[in-house]
Amino acid sequence: MAAPLLHTRLPGDAAASASAVKTLGASRTGLSDMLTLENDFFNSPPRKTVRFGGTVTEVLLKYKKGETNDFELLKNQLSDPDIKDDQIINWLLEFRSSIMYLTKDFEQLINILLRLQWLNRSQTVVEEYLAFLGNLVSAQTVFLRPCLSMIVSHFVPPRVVIKEGDVDVSDSDDEDDNLPATFDTCHRALQIIARYVPSTPWFLMPILVDKFPFVRKSERTLECYVHNLLRISIYFPTLRHEILELVIEKLLKLDVNASRQDIEDAEEVAAQTGGGTDAPEGLFSMDEDEDPGGETKADAQRPDRMVHPVAERLDILLSLLLSYIKDVCHVDGKVDNNKTKDLYRDLITIFDKLLLPTHASCHVQFFMFYLCSFKLGFAEAFLEHLWKKLQDPNNPAIIRQAAGNYIGSFLARAKFIPLITVKSCLDLLVNWLHMYLNNQDLGTKAFCDVALHGPFYSACQAVFYTFVFRHKQLLSGNLKEGLTYLQSLNFERIVMSQLNPLKICLPSVVNFFAAITSKYQLVFCYTIIERNNRQMLPVIRSTAGGDSVRTCTNPLDTFFPFDPCVLKRWVLLVPLSVVNLRVVSIGFPTSGVSWSSSGHSCLCIGNSREYPLDAAACSEHTGRGRSLAQEESWIDTKGLVIYFLFFFKPVGLNIKGDGDRRAWMGRMLPFRGS
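All figures in this text were calculated on a predicted structure; none of them were measured in a lab. Starting afresh in each chain, residues are numbered from 1 along the sequence in its written order. For a predicted model such as this one, the threshold for reporting local features is a pLDDT of at least 70, and the threshold for listing and counting side-chain atom pairs is 80 or more; totals across whole chains, interfaces and linings nevertheless cover every residue. In computing side-chain values, all of the structure's heavy atoms are included and hydrogens and water are not.

Peer 1: Break down the overall build of the protein chain for me, citing the residues and quoting the values.
Peer 2: Strands here are runs of E lasting at least two residues and helices are runs of H or I lasting at least four, both read from the DSSP assignment and numbered beginning at the N terminus. Helix and strand content of the protein chain: 29 helices and eleven strands. Going through the 674 residues of the protein chain one by one, you find that 49% of them count as buried. Throughout, the Shrake-Rupley method with a 1.4 Å probe supplies accessible areas, and for residues the shown protein chains are the sole cover considered. For the protein chain, the exposed surface amounts to about 32,400 Å²; the carbon and sulfur share of it is 53%. Three labels apply to residues, based on accessible area from a 1.4 Å probe with only protein chains included: buried if under 20% of the type maximum, exposed if over 50%, partly exposed otherwise in between.

Encoded structure:
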């Protein structure tokens, strides 16, 4: 059975800090508790009474004179795997008295001392070793890096290697129940060293980067290391920005290797096979840490466990980061504005450096979403920051487009953003779009080209997407005032412009926007959509076989960064913060209806999902012998309500359904339970 993962709360409270300070004070004397702990010597294994060679000082002086016999004997005795506690204490006492002689010439001897197994021994050994480390780095700073490297190496569970001859037949994490105490001791050691050498944080950070486990290591290894990194940022605040950047960079590497589609597919397969995690493994799956045999059946079927192995690691580490953010920002259960502002500055800088240039990350960006949910002021500051990125012509177009994606998704999905903020952001975006059109009317580039006008199209899509999700709130209460406000945005000019945003924006967003604006008679988009569809090349299949060539329906490379997170622990940690209604459409004529590999006519839903249109395929998918043309509503596998848009049948499109060839009406049908 695998040892349980650490879920130690980060030391964000005053009690933990006070305890750490007391422990540090107690560690100054090193041997102050030896009298009270002398019974440990009687309980320890029998001591070896034979000792070869002279004192440590004599051996070191002889070595400098060229006499190496006693020096080699000393190294052998220190390397003895059966060395006892009292022997270690005696050696450490002698080394502390000879600390001035331990120069760079004795680096090999110091390395042996640093490899001593001192953590799982008596408290007296631990205290004496901590005192030795303090004396060593204060007298011989040349050994600072090796000491720090030794301590950081204990931030992960120890490895247990079983050998048969020269072959490792087993290599796994040690099931050590004393890990929290071990980590506490390591953090004490770092703080003791920092007291003697104030520049310790400067030397420590490169070591933390080098020692970070490979992202394919076990969940437990990664969780322990990240937990300890975040804990270091508490007592070394100057390292917080670099530590957070390191952690988020590693999370991003995991995120881009676990797409939303892959995670949902793995969960769906597991649900169909009874909730197991028996995913097919590659022929050369050689990672020693991915040992499915080490998991019990109960572990594999835990409700908060992700089936996808990379998603499981990502879920654990992201939950750890969000817990850290919560602990830092809250004092006595209330948000501390000053601490939250400081953390926000660190995280927004990291967001600009790592997240904004990364295309289609699915989950890591939710740390900003979570932080902004604490107070409206932080959400508004985040929106203002993105807005400056979008409108600044000095930024690269790809960064401006990404900022537009984040603005639209954040406004649409964040429940904690009030309607007045949504309207203010819509006013900013729409006014900027009109100003952009004013400038283009006088120029020679007033034509549809995503390479020339990418930020404009991204801002248009942000407006359309926000309007689709928030139109009910915008029109709630006084319908007349709501319609007056929406009419003042003058969508018609944007839609009818020569830049033709309906051709560039994502078809599903365009279709929903067209249906809603048509319903409230704000703007009629169907004529433009039909004209755009006639200009699009149809799907072509080579007569020689092979894959079909499809027209590009996402020229903006659009993604919505705050679509509902599919990680299970995140959902439990941050409940009811995301608008969960999934915008789904059949898509306007040719863009929405496609052919699946089975030959059934299908519609594309959300994240490239396909659902059948004809009765045979529908029966196969849902167990009901009715087509979607006969259904006014649908419940997808997530249990979310899906609203369908039925459009007029376009010219030249032959929808092969179950005989239902009636024209599809351009209206949004309400949900009706079946």
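We are not done yet, so read on.
Peer 1: Please provide a residue-by-residue account of helix α7 (residues 123-139), values included.
Peer 2: Taking 1.5 Å per residue as the helical rise, α7 with its 17 residues ought to reach 24 Å, and the 24 Å between its terminal C-alpha atoms agrees with that figure. Within α7, 13 of the 17 residues are buried, leaving the element largely enclosed by the surrounding structure. The span expected for a helix works out to 1.5 Å for each residue beyond the first.

Peer 1: Lay out helix α11 (residues 219-235) with the relevant residues and their values.
Peer 2: With 17 residues, α11 ought to run about 24 Å at 1.5 Å a step, and its terminal C-alpha atoms sit 25 Å apart, in line with that. In terms of burial, α11 is a largely internal element, 16 of the 17 residues being buried.

Peer 1: Would you mind going over the pattern of salt bridges in detail, with residue names and values included?
Peer 2: Salt bridge, as used here: a side-chain nitrogen of Lys or Arg that lies within 4 Å of a carboxyl oxygen of Asp or Glu. With the rule as written, the count across this model stands at 18 salt bridges. Linking glutamate 128 and arginine 96 is a salt bridge whose minimum nitrogen-to-oxygen distance equals 2.8 Å. Here the residue glutamate 128 occupies a position in helix α7, and arginine 96 occupies one in helix α5 (residues 85-97), the gap between them amounting to 32 residues. Residue arginine 96 is classed as partly exposed on the basis of its relative accessible area of 22%. Aspartate 342 is paired through a salt bridge with arginine 345; the nearest N and O atoms lie 2.8 Å apart. Note that aspartate 342 and arginine 345 are positioned in helix α16 (residues 337-355) at a spacing of three residues, about one turn of the helix. Its relative accessible area of 38% is what places aspartate 342 among the partly exposed residues. On the basis of relative accessibility, which here comes to 47%, the residue arginine 345 falls in the partly exposed class. One salt-bridge network, held together by shared partners, links Glu219, Arg305, Glu312, Asp315 and Arg569.

Peer 1: Lay out the packing of helix α10 (residues 200-210) against helix α12 (residues 240-255) with the relevant residues and their values.
Peer 2: Here an axis means a line fitted to C-alpha atoms, over the contact stretch when the element is a helix, while the angle between two N-to-C directions is reported on a 0 to 180 degree scale. The interhelical angle for the contact between α10 and α12, taken along N-to-C directions, is 10°, at an axis separation of 11 Å. Here α12 runs roughly parallel to α10, going by the angle between their axes. Side by side, α10 and α12 meet where Met205, Leu208 and Val209 of the first sit next to Glu242, Ile243 and Leu246 of the second. Residues of the contact of α10 with α12, tallied by class, amount to five nonpolar, no polar and one charged. Roughly parallel here means an angle under 35 degrees, roughly antiparallel means over 145, roughly perpendicular means 65 to 115, and every remaining angle is called oblique. In what follows, a contact means two residues having at least one pair of non-hydrogen atoms within 4.5 Å. Polar here means any residue outside two lists: the nonpolar Ala, Val, Leu, Ile, Met, Phe, Trp, Tyr, Cys and Pro, and the charged Asp, Glu, Lys and Arg; Gly therefore counts as polar.

Peer 1: Please set out the environment of glycine 454 residue by residue, giving values where relevant.
Peer 2: Its place among the elements puts glycine 454 in helix α21 (residues 450-475). If sequence neighbours within four positions are ignored, glycine 454 has contacts with Gln401 and Leu556.

Peer 1: Explain the packing of helix α3 (residues 56-64) against helix α4 (residues 69-78) residue by residue, including any values.
Peer 2: Where α3 contacts α4, the axes come no closer than 8 Å and their chain directions differ by 130°. Taken together, the axis directions place α3 and α4 in an arrangement best described as oblique. Handedness of the α3/α4 crossing: left-handed. Each of Val59, Leu60, Lys62 and Tyr63 in α3 lies in contact with α4, whose residues at this interface are Asp70, Phe71 and Leu74. In terms of residue class, the contact of α3 with α4 is built from five nonpolar, no polar and two charged. Working rule for handedness: look at the near helix, and if it is turned counterclockwise from the far one by less than a right angle, call the crossing left-handed; if clockwise, right-handed.

Honestly, it's all geometry; don't read function into it.
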